[in-house]
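# Results of the structural survey
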Amino acid sequence: MEKRILLLIIAFMAVCLPACNMQSEPYGKFDTVPYESEDFAMGTVIKQRIFGSNAEEISRKVMERIREIEDDLTINKQGGEINKLNDFAGTDFVEVKEDTLKVLEKAKEFSELSNGAFDVTVGPLVKEWDVFSENPSVPSKDKVQSLLNLVNYKDLTIDKNQSKAKLEKKGQMVDLGAIAKGFAADEAINIYKEHNVTSAFINIGGNVALLGGKPDGSSWKVGIRDPRGSEGSYIGIVSTKDKAVVSSGDYQRYFIKDGVKYHHIIDPKTGYPADSGLIATTVVSDLSVDADALSTAIFVLGLEKGMELIENLGGVEAIFITARKKVYVTEGLKDIFQFEDGSRGYEYVKKR
Ligand code: FAD
Ligand code: MG
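Now for a description of the structure that goes with this document. Computed from a prediction, not measured in an experiment: that's the story for all the values here.

## A look at the environment of Gly205
- Inspection of the secondary structure puts Gly205 in the loop between β6 (200–204) and β7 (207–211).
- Sequence spacing of Gly205 and Ser239 is 34 residues, and the spatial spacing of their C-alpha atoms is 19 Å.
- Excluding residues that lie within four positions of it along the chain, Gly205 makes contacts with Thr44, Val45, Lys181 and Gln252.

## Structural notes on unusual backbone geometry
- The phi dihedral of Asp130 is positive, around 45 degrees, even though this residue is not glycine.
- Counting through the fold element by element, Asp130 comes out in the loop between α5 (123–129) and α6 (141–148).
- Taking relative accessible area as the criterion, Asp130 reaches 32% and is therefore assigned partly exposed.
- One non-glycine residue, Arg344, adopts positive backbone phi at about 60 degrees.
- The residue Arg344 is located in the loop between β16 (337–339) and β17 (347–349) in this model.

## What to know about the site of ligand 1
- Taken together, 27 residues sit near ligand 1, with Met42, Asp175, Gly177, Ser248 and Ile266 positioned nearest.
- Interatomic distance of 3.0 Å between a backbone N/O atom of Ala117 and a nitrogen atom of ligand 1.
- With respect to ligand 1, the side chain of Thr296 contributes an N or O atom lying 2.8 Å from an oxygen atom.
- Taking 950 Å² as the accessible area of ligand 1 by itself, protein coverage stands at 90%.
- Here the shell around ligand 1 is composed, by residue class, of 12 nonpolar, 9 polar and 6 charged.
- Residues from two domains meet in the shell around ligand 1; each of domain 1 (18–68 + 181–348) and domain 2 (80–167) gives at least three.

Analysis parameters
- Residues numbered from 1 in each chain as written.
- Chains lettered and ligands numbered in written order.
- Predicted model: local features only at pLDDT ≥ 70, side-chain atom pairs only at ≥ 80, totals over all residues.
- Heavy atoms only, no water.
- Helix = DSSP H or I, 4+ residues; strand = E, 2+ residues; numbered from the N terminus.
- Contact = heavy atoms within 4.5 Å.
- Buried < 20%, exposed > 50% of the residue type's maximum accessible area, 1.4 Å probe, protein only.
- Near = heavy atom within 4 Å.
- Polar contact = N/O pair within 3.5 Å; in protein donor to acceptor, adjacent residues only side chain to side chain.
- Areas by Shrake-Rupley, 256 points an atom, 1.4 Å probe, with all protein chains shown as cover.
- Nonpolar A, V, L, I, M, F, W, Y, C, P; charged D, E, K, R; others polar.
- Domains from an automatic or database assignment.

This is the structure in structure tokens:
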């Protein structure tokens, strides 16, 4: 009897311990079991799934890097490089790190490409609307009008050779909220590659970046959130490898006042939350930084102009969800996007 129990204990240990130890053991021998982690930075949840050896240590390195990027690029706490650039607006150039310069350059490039629908200098309006605060309120028309004078990406000068940047007018503010999480996701993918990982997934608050496919060679499946459903509900699935899949929408951060919804994506032409007829957008591209900026840009531009921008760029694909609950996808996504609307409230429009 005792011998049988002992044998059972040994068998249990042989089968179960490697799995129970998932959080601390390297996975060299168990390549099909990913290491999964969940953290918090940049005001959002960060999920990683890594296949291969030393995954836990690699995920820690990724989080260290993300926190470093956050410290440099945030405008939510003091001491960062973007805060310094904003403090010196209208006064002088500010020296910044190479990576900060890289993100500023990308942000200016997408401001130009979208003709200011994405505007890296939208900061003063974002601060005034302050949808993140406990008691947000609707600013007066005059206030919005006066702040619009401060929003113009052409007023951001970047001196690449000397790694310096400057804002032209006092009161102007760079806000990288629509692009920095994308940059961070690209950095995570670079760290995975440096450590010879060939299969990994990271999600930084809706910015998904994929390295390779799953270990069995199949594609990752990324759910596209139902913008009017609860968290975890989807309107479809994108199956892909080695891509970034980034979503923006009016459902992420907003407040309601007198029955009107005010969300966090501002139209830099009007100074008010974008009202383009879209409620959510997703961009699929090689780089997450591009997909992040573009998902915000096309949300502001609306279906027609947004579709035109994506088609003209080439190499990027997009999903548009309209307020009338119609779902449009670009040509290149038709084979890898599966429309799966649990709510049955959406209409998949394959042709425009
Ligand atoms: P996106 O569409 O990608 O971006 C929308 C955001 O971009 C807006 O919130 C605004 O900041 C900005 N924006 C609005 N309109 C435009 C426009 N037309 N053009 C360009 N930009 C625009 N949140 C917290 O609550 N606490 C924090 O401590 C915090 N720290 C952060 C630190 C960093 C470095 C970053 C990047 C973000 C931080 N956030 C924080 C913000 C938070 O995570 C935001 O919700 C997020 O950045 C918005 O991203 P999104 O994917 O939801 O939407
Ligand atoms: Mg974005």
